[in-house]
Each structure stands twice: as C-alpha cells, then as structure tokens.
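Breakdown of the fold
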Amino acid sequence: EAGVAQSPRYKIIEKRQSVAFWCNPISGHATLYWYQQILGQGPKLLIQFQNNGVVDDSQLPKDRFSAERLKGVDSTLKIQPAKLEDSAVYLCASSLGQPSTDTQYFGPGTRLTVL
Amino acid sequence: GQQVMQIPQYQHVQEGEDFTTYCNSSTTLSNIQWYKQRPGGHPVFLIQLVKSGEVKKQKRLTFQFGEAKKNSSLHITATQTTDVGTYFCAGSPNNNDMRFGAGTRLTVKP
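Residues numbered from 1 in each chain as written. Chains lettered and ligands numbered in written order. Predicted model: local features only at pLDDT ≥ 70, side-chain atom pairs only at ≥ 80, totals over all residues. Heavy atoms only, no water.

**What to know about the overall build of chain B**
Check the secondary structure of chain B and you find zero helices and 11 strands. Sequence-ordered secondary structure for chain B, helices as α and strands as β, is β-β-β-β-β-β-β-β-β-β-β. Taken over C-alpha atoms, the radius of gyration comes to 13 Å for chain B, in line with the 13 Å a tight globule of 110 residues would show. Principal-axis analysis of the C-alpha atoms gives chain B an extent of 40 × 25 × 20 Å. A buried classification covers 46% of the 110 residues belonging to chain B. Within chain B, contacts between residues separated by at least 24 positions form 54% of all contacts whose residues are at least 6 apart in sequence. The averaged location of the 7 negative side-chain charges in chain B is 5 Å from the averaged location of its 12 positive side-chain charges. (Helix = DSSP H or I, 4+ residues; strand = E, 2+ residues; numbered from the N terminus. Rg over C-alpha atoms; globule rule 2.2 N^0.38 Å. Buried < 20%, exposed > 50% of the residue type's maximum accessible area, 1.4 Å probe, protein only. Contact = heavy atoms within 4.5 Å. Lys, Arg positive; Asp, Glu negative; His and termini not counted. Charge placed at Lys NZ, Arg CZ, Asp CG, Glu CD.)

Written out as structure tokens, the structure is:
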C-alpha cells in the first residue's frame, strides 16, 4: 500500500514570497490533515478536511495560509506571503475517517526555509 | 482551548535503563494516541487508548490511560538504541480534532 505522498520535500524561499505544497493521501482515506511542525515542537494542526469539506481550520492563519481539497483526494497548502516564522516542516496526514478512531498516517513532510 | 502537555521535554538514558513520558490534558479526552518520530523522520502511529484506566503493551512498551481520561503515560523497559526518537501523545476531546503534545525526545547512550 502506497503511503502519503508530499512534494516538494524541501523548499527555500525569501520572505514575502509565495509557496505551495502538495499532498496525495492514501487511497480511500476520507480525512486529510495539514500540520505545521516547528523544530523541537509537536505537530500543530492547521486544517482538517473530511472529503472535500473543512472540518477544522481554527489554527490556520487565514490571512496568509490557504488550503483546498477540491475533489476530495489531493490537497494543496499555500502560504502567501511567507514570513520568517513560517520556517517549519509541513506534514500531511490522512486517515480512513475521524481522528478519534482511526490511525493517522503521515507523509515525509516538506521542509520550508524562509530567508 | 484544549491543551496537551508532555513531560519531560528531554530524557537521556543509558542503554538498558527504563524511560517514561507523561501526557496531561486540561480536559477529558475521548481517546489518546501515541506516535514516535525518529530523527529526520515523520510521526509513526504506535497505539491508541480509549477506555478509562486502559493499559496496553507492545513488547517493551507499556501504555496507560488514566482513570479520569486526562492523562496518559508511555513506559519503555530496558531501552535500546533503536528506541531513540521523539515520542508524542495526541489527544482528542471530541471526535473531530486531535491535539499533539510537544513531545519527549529520548536519547540512549550505548
């Protein structure tokens, strides 16, 4: 079974530039999550999709971050414009259904460096 | 909002010693999950606890869920170098979202 795919694996940009990350969840997984993991910290949930609908985006900085999952499969996360404090690993995860009952499978992450 | 706290932040042990990390929530959790993240890797699911007072074992790992469902612990007996990594707990107060603790980074000296 293929795991969660993410691209790119690494990205270096200057502040105020824009960047986009892509995630392809495990086939058949209805729930998709985007996490931000700053070095030395635990993953912080940014947004959670159930199919193509948003379940939780309470911790998403909506003035600069946006995410979509138009067809209920792949998802993109965008930052525009980026700030220095956005430097982190952005993890995508997927699960069959709801997080309280299903295992979350994480992708390898995209390491973003903002200069 | 709901917070999940983990202690200690770091733990350095000699190979063969035991290790314990603790997770505490400000609110009652419907369940708790534990993940392990190797250096440079991504979190990998270890186990889920659902019932009050539940105890589960995986070889040298013992997981407990408190009676009040507000705390949990992971205990590793006789650590090995392969146990190195950061251990995260993640708790859900409802059925919609999961909050991760900051993790406990374990290093093992051979």
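**Some thoughts on the layout of surface pockets**
A volume near 630 Å³ is recorded for the largest pocket. Among the secondary structure elements, those contributing two or more residues to the lining of the largest pocket are β9 (88–95) and β11 (110–114) of chain A together with β9 (85–92) and β11 (104–109) of chain B. For the lining of the largest pocket, the class distribution of residues is 14 nonpolar, 14 polar and four charged. P43 and K44 of chain A together with V4, F100 and G101 of chain B are, among the 18 residues lining the second largest pocket, the residues nearest its centre. Put simply, the parts of the chain that give the lining of the second largest pocket at least two residues each are β5 (44–50) of chain A together with β1 (4–7) and β10 (99–100) of chain B. A per-element tally of the lining of the second largest pocket places β1 of chain B first, with three residues. Residues of the lining of the second largest pocket, tallied by class, amount to eight nonpolar, eight polar and two charged. (1 Å grid on protein atoms, 1.4 Å probe; cavity = no way out; pocket = protein on both sides within 12 Å on 5 of 7 lines; lining within 4 Å. Points joined across faces, edges and corners; volume = space filled by probe spheres on them. Nonpolar A, V, L, I, M, F, W, Y, C, P; charged D, E, K, R; others polar.)

**What to know about the side chain of T104 of chain B**
With respect to the helices and strands, the residue T104 of chain B is situated in strand β11. A distance of 2.7 Å separates polar atoms of two side chains, one belonging to T104 of chain B and the other to T21 of chain B. (Polar contact = N/O pair within 3.5 Å; in protein donor to acceptor, adjacent residues only side chain to side chain.)

**Some remarks on the nonpolar core**
Residues F21, W34, L77, I79, Y90 and L112 of chain A are the most contacted members of the largest nonpolar core, which totals 21 residues. Elements with a contribution of two residues or more to this core: β3 (19–24), β4 (31–37), β5, β8 (75–79), β9 and β11 of chain A. The next biggest cluster of nonpolar side chains, apart from the first, holds 19 residues, and it includes V4, L46, I47 and L61 of chain B. (Core = buried A, V, L, I, M, F, W, Y, C linked by side-chain atoms within 4.5 Å.)

**Points about the interface of chain A and chain B**
The interface is formed by 23 residues belonging to chain A together with 21 residues belonging to chain B. Regarding the contact of chain A and chain B, the summed buried area is about 1,600 Å², with carbon and sulfur atoms giving 48% of it. For the pair chain A and chain B, the number of links is one salt bridge. One salt bridge in this structure joins D56 of chain A and R99 of chain B, with 3.6 Å as the shortest N-O distance. On inspection of chain A and its partner chain B, the count reaches four residue pairs in polar contact (both at pLDDT 80 or more). (Buried area = accessible area lost by both parts, 1.4 Å probe. Salt bridge = Lys/Arg side-chain N within 4 Å of Asp/Glu carboxyl O.)

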